[in-house]
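Below, each chain spelled out in residue letters.
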Amino acid sequence: MKDMSRNQPEGVLRVKIDFADGMPIEKKGNLPVEEFHIKGLKKGEFHVKLSPGRKSAEILLKISFERELTCSRCLEGFIKRSELTEGAEAVISDKESFEEDEGIVAVKDKIADLTDIIRDMIIIDEGMKPLCRDDCKGLCPKCGENLNINECGCAD
Ligand SMILES: [Zn+2]
Ligand SMILES: [Zn+2]
């Protein structure tokens, strides 16, 4: 493992890849949560391993994070903790109009920026209908009481 502390590009999620060198690269740290502009994202960590080949590099990405979401049934805010793993490929891009396909990260001037792929992982993890817990009882359709906290008696 090389000493990667020197010569690092700006931004914690921008990773320098030397394809000619071919040495595996490993990097971990805190997610720069403010850079994602994702509502409710509190904090998180990442751990990335890159294995460069001649023209592309395998990426293995692990992230964990905490995000405040609103329950779609009871409308209360709650903290969701997630741990996700994803594989991707870093590909050298000389063209200006590089289509960033799913699972492909463009490498420009030897730099792979992981911000977008991590942002997508976090957004997809939210799901269509977040629930504070699997058996959330939701709100009473008659009086609006949060049935997780109180039995309102409307059903009687
Ligand atoms: Zn709920
Ligand atoms: Zn009720």
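Throughout, a residue's number is its position along its own chain's written sequence, starting from 1. Just so you know, chain letters begin at A and ligand numbers begin at 1, following the order they were written in. Since the coordinates come from a predicted model, pLDDT governs what is reported: local features require at least 70, and pairs of side-chain atoms require 80 or more to be given and counted, while whole-chain, interface and lining totals use all residues.

In this section: unusual backbone geometry. Even without a glycine there, the phi angle at histidine 37 is positive, about 55°. Here histidine 37 lies in the loop between strand S2 (25-30) and strand S3 (41-52). Of note, the phi angle at lysine 110 is positive, near 70°, even though the residue is not glycine. Secondary structure elements are defined from DSSP: runs of H or I of at least 4 residues count as helices, runs of E of at least 2 residues count as strands, and each element is numbered from the N terminus. With respect to the helices and strands, the residue lysine 110 is situated in the loop between strand S6 (104-108) and strand S7 (111-113).

Turning next to the sheet that holds strand S4 (residues 56-70). Across the sheet, seven strands lie side by side as S1-S7-S6-S5-S4-S3-S2; this open sheet has mixed pairing. Either end of the sheet is taken by a strand with one partner, and the two such strands are strand S1 (14-16) and S2. Averaged over all neighbouring strand pairs, the angle between strand axes comes to 25°, with direction disregarded. Here the rule is simple: two strands pair whenever DSSP picks up at least two bridges between them. Looking at chain direction, S6 and S7 are connected through two bridges and run antiparallel. Considered in S7, the bridge of valine 107 is made with alanine 112. Orientation is described by lines fitted to C-alpha atoms, with helices fitted over the stretch in contact, and by angles between N-to-C directions that extend from 0 to 180 degrees.

Take arginine 81: it is sitting in strand S5 (residues 77-92). C-alpha of arginine 81 to C-alpha of serine 64: the two residues are 17 residues apart in sequence and 7.3 Å apart in space.

All right, on to the nonpolar core then. By size, the foremost hydrophobic cluster in this structure holds 20 residues, and its most contacted members are Ile17, Leu50, Ala90, Val105 and Leu114. Within the residue set of this core, elements represented by two or more residues are S3, S4, S5, S6 and helix H1 (115-126). For this core, the element with the highest residue contribution is S4, accounting for four residues. Here leucine 50 is in contact with Val15, Ile17, Pro24, Ile25, Ala57, Glu58, Ile59 and Ala90, once residues within four sequence places are set aside. To form a nonpolar core, buried Ala, Val, Leu, Ile, Met, Phe, Trp, Tyr and Cys residues must be joined through C-beta atoms within 7 Å. Buried means a residue has 20 or more other C-beta atoms within 10 Å of its own C-beta, exposed means 12 or fewer, and partly exposed covers the counts in between; C-beta atoms are placed from the backbone. Once C-beta atoms are placed from the backbone, any two residues with those atoms within 7 Å are in contact.

Glancing now at the pairing of S6. Only one face of S6 is buried, namely the one carrying Val105 and Val107, since none of Ile104, Ala106 and Lys108 on the opposite face is buried. Judged from the four bridges that link them, S5 and S6 form a sheet pairing that is parallel. Within the sheet, the bridge partner assigned to valine 91 lies in S6 and is alanine 106. In this antiparallel pair of consecutive strands, S6 and S7, the connection spans two residues, and aspartate 109 shows a positive phi of 50°.

Another point: the environment of cysteine 136. Within the secondary structure layout, cysteine 136 lies in the segment after H1. Sequence separation between cysteine 136 and serine 72 is 64 residues, and the spatial gap between their C-alpha atoms is 9.5 Å. Apart from the residues lying within four places of it in its own chain, the contact partners of cysteine 136 are Cys71, Arg73, Cys74, Leu131 and Asn148.

Before going further, it helps to spend a moment on the confidence of the model for the chain. pLDDT expresses how confident the predictor is about each individual residue, on a scale running from 0 to 100. Here the chain shows a mean pLDDT of 89. Residues at 70 or above account for 89%. Note that residues 1-7 has pLDDT below 50 and, in this model, five contacts with residues that lie over four places away or in other chains.

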